[in-house]
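Okay, here's what each chain looks like letter by letter:
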Amino acid sequence: MGIRFVLLVNKQGQTRLAQYYEYLTLEERRALEGEIVRKCLTRTEQQCSFVEHRNYKVVYRRYASLFFLVGVDNEENELAVLEFIHLFVETMDRHFGNVCELDIMFHLEKAHFMLEEMVMNGCVVETSKSNILAPIQLMDKAA
């Protein structure tokens, strides 16, 4: 399957965006997010950006005040996931202009839409920033 979940979390550990590609109850999601966020936020910059947790491999990267955490299968390539995270950030940068936590909070639906354009059922299906942003730009023109 590949990607199991994508989380965007601020430095205080508050989840700003969560997208799951497998079914988990709300209690399971809360517990999983709490465990993973604590584990990733306490790591230093000298430590690698890959953490094994339960049956997931969590790949994370910090951009400004946001942590991008992606849970994948154990067989998934960590560097490819880091590249996916970077593409997601670059795509949001192109749309918002140097994306920050407030952009995601006030335009959560656009952030979800970008993610949905990039990932379908846990598989990356689109990597072109122009193709990802085209439907969003059409919606902005119509509004």
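The structure this text deals with has already been given above.
What this report covers is the structure whose coordinates are included nearby. Because the structure is predicted, anything quoted here is derived from the model rather than measured.

Procedures and definitions
Position numbers for residues start from 1 in each chain and track the written sequence from start to end. Residues qualify for local features only when their pLDDT is at least 70, as the model is predicted, and side-chain atom pairs are given and counted only at 80 or more; totals for whole chains, interfaces and linings, by contrast, use all residues. Here the side-chain values reflect all heavy atoms present in the structure, with hydrogen atoms and water set aside. Counting from the N terminus, the helices are the DSSP runs of H or I reaching at least four residues and the strands are the DSSP runs of E reaching at least two. This radius of gyration counts C-alpha atoms alone. The globule rule is 2.2 Å times how many residues there are, raised to the power 0.38. The buried label goes to any residue with under 20% of its type's maximum accessible area, the exposed label to any with over 50%, and the partly exposed label to all in between, with areas taken from a 1.4 Å probe on protein chains only. Under the convention used here, a 1.4 Å probe and the Shrake-Rupley method define accessible areas, while residue burial counts only the protein chains that appear. Counted as positive: Lys and Arg. Counted as negative: Asp and Glu, with His and the chain ends omitted from the count. Just so you know, the charge point we use is NZ for Lys, CZ for Arg, CG for Asp and CD for Glu. To qualify as a nonpolar core, a set must consist of buried Ala, Val, Leu, Ile, Met, Phe, Trp, Tyr and Cys residues joined through side-chain atoms within 4.5 Å. Whether two residues are in contact is decided by their heavy atoms, any of which lying within 4.5 Å being enough. An axis is simply a line fitted to the C-alpha atoms; with a helix, the fit covers only the stretch in contact. Between two such axes, the angle follows the N-to-C directions and lies from 0 to 180 degrees. Note: crossing handedness is left-handed where the near helix turns anticlockwise from the far helix by less than a right angle, and right-handed where it turns clockwise. Classes in brief: Ala, Val, Leu, Ile, Met, Phe, Trp, Tyr, Cys and Pro nonpolar; Asp, Glu, Lys and Arg charged; the others, Gly included, polar.

1. Here's the deal with the overall build of the protein chain
A tally of helices and strands in the protein chain yields five helices and seven strands. A globule of 143 residues ought to have a C-alpha radius of gyration of about 15 Å, and the protein chain, at 15 Å, matches this closely. Projected onto its principal axes, the C-alpha positions of the protein chain cover 45 × 30 × 30 Å. Considering the protein chain as a whole, with its 143 residues, one finds that 42% of them fall into the buried category. Within the structure as shown, the protein chain displays about 7900 Å² of accessible surface, and the carbon and sulfur contribution to it stands at 50%. Considering the protein chain, the positive charge centre built from 16 side chains and the negative charge centre built from 21 side chains are found 5 Å apart.

2. With respect to the nonpolar core
Judged by nonpolar contacts, the single largest core of 30 residues is most densely connected at Phe68, Phe84 and Met92. It is helix α2 (residues 78–96) that provides the largest number of residues to this core, a total of nine residues. Other than its neighbours up to four places away in sequence, Phe68 contacts Leu7, Leu8, Val59, Tyr60, Arg61, Tyr63, Ile85, Phe88, Val89 and Met92. Phe5, Val9, Val37 and Cys40 belong to the second-largest nonpolar core, a separate cluster that totals 15 residues.

3. Comments concerning the packing of α2 against helix α5 (residues 129–142)
Working note: a packed helix pair is described by the angle between its axes plus the distance between those axes. Put simply, α2 and α5 touch, their axes get as near as 10 Å, and they point 35 degrees apart. Note that α2 runs across α5; the crossing there is right-handed. In this structure, α2 contributes Leu87, Glu90, Thr91, Arg94 and His95 to the contact, and α5 contributes Lys129, Ser130, Ile132, Leu133, Ile136 and Asp140. The residue inventory of the contact of α2 with α5, partitioned by class, reads four nonpolar, three polar and four charged.

4. Quick look at the environment of Leu32
With respect to the helices, strands and loops of the structure, Leu32 is situated in helix α1 (residues 26–41). Considered as a pair, Leu32 and His53 are 21 residues apart in the sequence and their alpha carbons are 9.2 Å apart. Leave out the neighbours within four places in its chain, and Leu32 touches Phe5, Tyr20, Leu24, His53, Arg54 and Tyr56.

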